[in-house]
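What follows is each chain in one-letter form.
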Amino acid sequence: MRPAIAPLHALTLWTALACAACGDDSTPTGPRAIDPAAERGGSTESRRGAWFTDVSRQAGLDFTHDAGMTDERHLPETMGAGAVLADLDADGDLDLYLVQSGPVPVQGTRTAPATNRLYLNDGSGRFEEATARSGAAAHDGYGMGVVAGDVDADGDLDLFVTNWGPDVLLLNDGRAAFEAADAPNLADPRWTTGATFFDADGDDDLDLFVTGYVHFDPHDPIWCGEREPGYRSYCHPDTYDGIPDRFYRNDGRGVFSEATAAAGLATPPDAPGKGLGVIAGDFDGDGSLDLYVANDSVANRLWINRGDGTFEDGTLLSGTGVNGRGMTEAGMGLATGDVDGDGDIDLFVTNFDDESNTLYRNEGGGLFSDGTVAAGLEAPSRRPVGFGTVLFDADADGDLDLAVANGHIIHNVELYDDGKTHAQVAQFFVNDGGGVFAEATAAAGDLSARPVVGRGLYAGDLDGDGDPDLLLTECNGPARLLRNDGPPGGRAGESLHLDGLPAGTRVVATTTGGRRLVREAGTQVSYLGGSSSGVILGLGTSGDAVRRLELLVPGREGRDLELSPARARGRLRFLDGPDGLRLP
Amino acid sequence: MLFAGLVLAAWPSGASAVQGAPLAFSAAPRAVAAIVAGQTDDTRPDSAHSAGRSTTDVSSWEALWRTGHRRDAIAAMTQALAARPQDDELRADLAAAQLAVHQVEAALATAEALGPEHDRLRATALYILARYDEAIPVLDEDALDEALMLIDALEALGRLDEADAASARAGRRHGEEHVRLLCYRARRASQAGDLALAVELFTRARDLDPVDVGALYGLGRALVRSDRREEGLALLEQHRRLVPLVDAYDFARRAVDLDPSHASNHAAVAAAEHALGLLEAADEHFRLATRLAQPAELAPVVLRHARMLVDAHGDIDGAVTLLQDAWTRHPDARLMVRAGDLLMNAGRASDAVPRYERALALRPTDNQIVQRLQRAREDAAR
């Protein structure tokens, strides 16, 4: 039902996303926070005693997202875009691919083409821009998201880019030069957003799921907001009809065929969802990968894999469609991980202001409960608008900490609610080991030093020093590379990295100290992108070490590995061949 | 409607309360309360004129508020307060007005100079800003809405023992049978593993308000976890169907919150209430929308209202009367076409004929009206 729209209707200042924007120079009030350091691309030195340090400039990262702002306030301008941390040139370190949006494709014209950008890591966290030689990766669609995976099983990572407009599959030649796949069925012209590669049917290739957001016609703009200069704003997603998600099955050679209905993933016509993110994970512990879709302002959806690559809607039973009070929430960013150390995969979703972010605790058997309050995450997240999020072991103590990128949608929200701001501070929370988080934003250094219109947030060891760093993207602003300098005044623990595991591999690590760490390999999607797909096992500072690994790849028999001697640091790179996983 | 309803329409009651705290701001300053009452009612309230305040002051900003110029009303009040900074009543009025338009920080600043008798304003503003640690000491448990805010704030902070105690006090003070209180206690019971109690409490909440999504959802989940899976899934399915309707209702109510002077906003609320089966409320909102409607808005509003009367009550005569009254106010061919159609469907072709004739007089070249009229005449002649 499309509600009657009065000039003011859109500006609902609670859960409703009435207006959305990403920075606008023409706003009469509410200027964005200006920071000279930010303008230079990062601070020149780390903050003393701060956890994260902005090293964008010295790392060579100089990407600024262009939302292509217009006076018509087109909803896509609010979304920001994603990025992926992945080894695109197969040299053993994490490179960066950042999605650009650029001029809004209104009336069929685009001025000043803006392309996605590729940065190759030299191994030490210094990046060289390689867009010019990346071939088709210099893609100039109005970009939304990106996901990386080896879709043609040739040993290198390919990319799939979602756009407001035709999507594109980019095939890697192994040296980070890409060509667009001849795959017209993947060039979905609708407004797609999140995507994930995952092995749906256990046949050792990567299938593809893509979320559809809303039907939006830029040639039929709706006025939302007061009809006074400077007050026009963005319309709530409720104004628009949702569009269904799509699933594509891989034939093993990187050729995809649409199989949404055949896989049981079709949504009802009257409830297609408004997908902003999707993440794969074994949520019911049966060895096959399920899917969780975050839908904006309507119920999220959990698709349970029957084990054969067909799915059934497990949302109702699971309790993950709405929050614990039965209310739908916005649903933007996603992260999964064993938050409470009980051996199963929990789920974290970021939401809008006047809603909290929601932690769904896995209770086993496909059932979840809203554990947000018990985790200490309710009150701190009610005011900010949460987007990209990562569960990552920031201090290598063996549990998963949490970071959230925040930033409003409404560029002129201060005009409508003086208690809200467009730019917002990212938040950082430290896990006590049992799934209770204490906010540590004040100690997060440059991650939270100033308000930004945060969107993507991705984790990975970018400088090769063993701990996970962060990449923070901003809507209509600069991307920031944040080096993890460890807990202020303390020291991070040791960690063992596992690379090369197939996406979705369940890892159970038993330590000499008797701990069991459960992780899933594969890309954490955050918002519109992907963190590093490797696994980092934090072992603390007390000399603990990993002595045994249980590895369960979807669709295969489990594999146990005894490590002798036990490993407390370094990197294990797995090879996956005809005989399964092995260490060289 | 008290000013409270506007100020805290950001906190819609019942199922859609975001943080579970419906608010009845019954302690609103008199003048502001009168402003709100005047806004939705043609009767100008006498209490608009406070002692010591000029008629011009109050009437000017009241008029501004009533006509939807709320920022201008606030500006006028701010100017007046600058001239009379010791006028606590005016200050409280201004703070309440600022809250109503989501100038929460400003409201807090305005209220700073007020005495403890105005703690309600401060507490509300702090709560809205999620500054729970500051709000908690100032919330007055003697007021049900503030008691609910207190429980919610404590729960959000994870201070669950305190929230439990506050809930118990609220039950003793205000009675146990309140949807929000019951749902809170039920959630806690569920968390403690006492599913039987959770089922009982959620059931009572649901019986009080069948469209409360929290009660319905909580009951469904509790039943599923109690091994009454099929029962629970049936309720969860019901909840799934209900939620979009409640969301639409929420959304529409917030539009009214932002501008209560627009007929289409009230019509949207009415439509949402209709969808939820809240027929009395829907009828009220449709009538309000009709009163507020500008000429161009009138027909769409009345057409929807008429449809509701027919769909929900089978009240064709009532619907035709609505359409006729609207026609009298502002002729629109659609009104008479609809009236004619309703009468034709009821087998009253002879009554339909004059309606179609009136419509045709306005749109003489409209073939669809011509055809309708012809058919009605033929049926009437038989």
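Residues numbered from 1 in each chain as written. Chains lettered and ligands numbered in written order. Predicted model: local features only at pLDDT ≥ 70, side-chain atom pairs only at ≥ 80, totals over all residues. Heavy atoms only, no water.

## What about the pattern of salt bridges?
Residue and element names in this part refer to chain A.
- Evaluated as defined, the whole model comprises 68 salt bridges over all chains.
- We note a salt bridge from arginine 480 to aspartate 54, for which the minimum N-O separation is 3.9 Å. Of the two residues, arginine 480 sits in strand 28 (residues 480-484) while aspartate 54 sits in strand 1 (residues 52-54), which places them 426 residues apart along the sequence.
- By relative accessible area, aspartate 54 is classed as buried at 2%. (Salt bridge = Lys/Arg side-chain N within 4 Å of Asp/Glu carboxyl O. Helix = DSSP H or I, 4+ residues; strand = E, 2+ residues; numbered from the N terminus. Buried < 20%, exposed > 50% of the residue type's maximum accessible area, 1.4 Å probe, protein only.)

## Topic: the packing of aromatic side chains
- Scanning the entire structure with this criterion turns up 20 aromatic pairs over all chains.
- When the centroid spacing of 6.1 Å and the interplanar angle of 45° are considered together, the rings of A:Trp164 and A:Trp191 count as tilted. Within this pair, whereas A:Trp164 is found in the loop between strand 7 (158-163) and strand 8 (165-172), its partner A:Trp191 is found in the loop between strand 9 (178-180) and strand 10 (192-198), the two being separated by 27 residues in sequence. Here A:Trp164 matches A:Trp191 in class, with each residue buried.
- With a centroid separation of 5.9 Å and an interplanar angle of 70°, the aromatic rings of A:Trp191 and A:Phe216 are classed as edge-to-face. One end of the pair, A:Trp191, is in the loop between strand 9 and strand 10; the other, A:Phe216, is in the loop between strand 11 (207-212) and strand 12 (246-250), and 25 residues separate them in sequence.
- The exposure class of A:Trp191 is buried, given its relative accessible area of 2%.
- Here the aromatic cluster, defined as three or more aromatic residues joined through ring pairs, consists of A:Tyr142, A:Trp164, A:Trp191, A:Tyr213, A:Phe216 and A:Tyr240.
- Looking at A:Arg455, its charged tip hangs above the ring of A:Phe387, at a distance of 4.0 Å from the centre.
- Taking the ring centre of B:Trp65 as reference, the NZ or CZ of B:Arg70 above it sits at 5.5 Å. (Phe/Tyr/Trp six-rings, centres within 6.5 Å; stacked < 30°, edge-to-face > 60°. Lys NZ or Arg CZ within 6 Å of the ring centre and 35° of its normal.)

## Focus on the environment of A:Asp397
Residue and element names in this part refer to chain A.
- Structurally, the position occupied by aspartate 397 is in the loop between strand 22 (386-392) and strand 23 (401-406).
- When the C-alpha atoms of aspartate 397 and isoleucine 410 are compared, they prove to be 38 Å apart, with 13 residues separating the residues in sequence.
- What aspartate 397 contacts, discounting residues up to four positions off in sequence, is Asn431, Arg515, Gly538 and Gly540.
- Polar contacts involving the side chain of aspartate 397 include one to the main-chain amide nitrogen of aspartate 399, which spans 3.2 Å. (Contact = heavy atoms within 4.5 Å. Polar contact = N/O pair within 3.5 Å; in protein donor to acceptor, adjacent residues only side chain to side chain.)

## With respect to the sheet that holds strand 21 (residues 367-370) of chain A
All names here are of chain A.
- Strands sit in the order 18-19-20-21 across an open sheet of 4 strands; the sheet is antiparallel. Among the strands making up the open sheet, the edge pair consists of strand 18 (334-337) and strand 21. Ignoring strand direction, the axes of neighbouring strands in this sheet form an average angle of 25°.
- Bridge count for strand 18 against strand 19 (residues 346-349) is 4 bridges, and the pairing is antiparallel. The residue bridging leucine 334 from the neighbouring strand is valine 349, located in strand 19. (Pairing = 2+ DSSP bridges. Axes fitted to C-alpha atoms, helices over the stretch in contact; angles between N-to-C directions.)

## Regarding the pairing of strand 20 (residues 358-364) of chain A
All names here are of chain A.
- Within strand 20, 5 of the 7 residues are buried, which leaves the element mostly enclosed by the surrounding structure.
- Note: strand 19 against strand 20, 3 bridges, orientation antiparallel. In the strand pairing of strand 20, leucine 347 is matched with tyrosine 360.
- The pairing of strand 20 with strand 21 spans 4 bridges and is antiparallel. Counterpart to arginine 361 in the pairing with strand 21 is serine 369.
- Linking strand 20 back to strand 21 in an antiparallel pair, the connection comprises 2 residues, with glycine 365 at a positive phi of about 65°.

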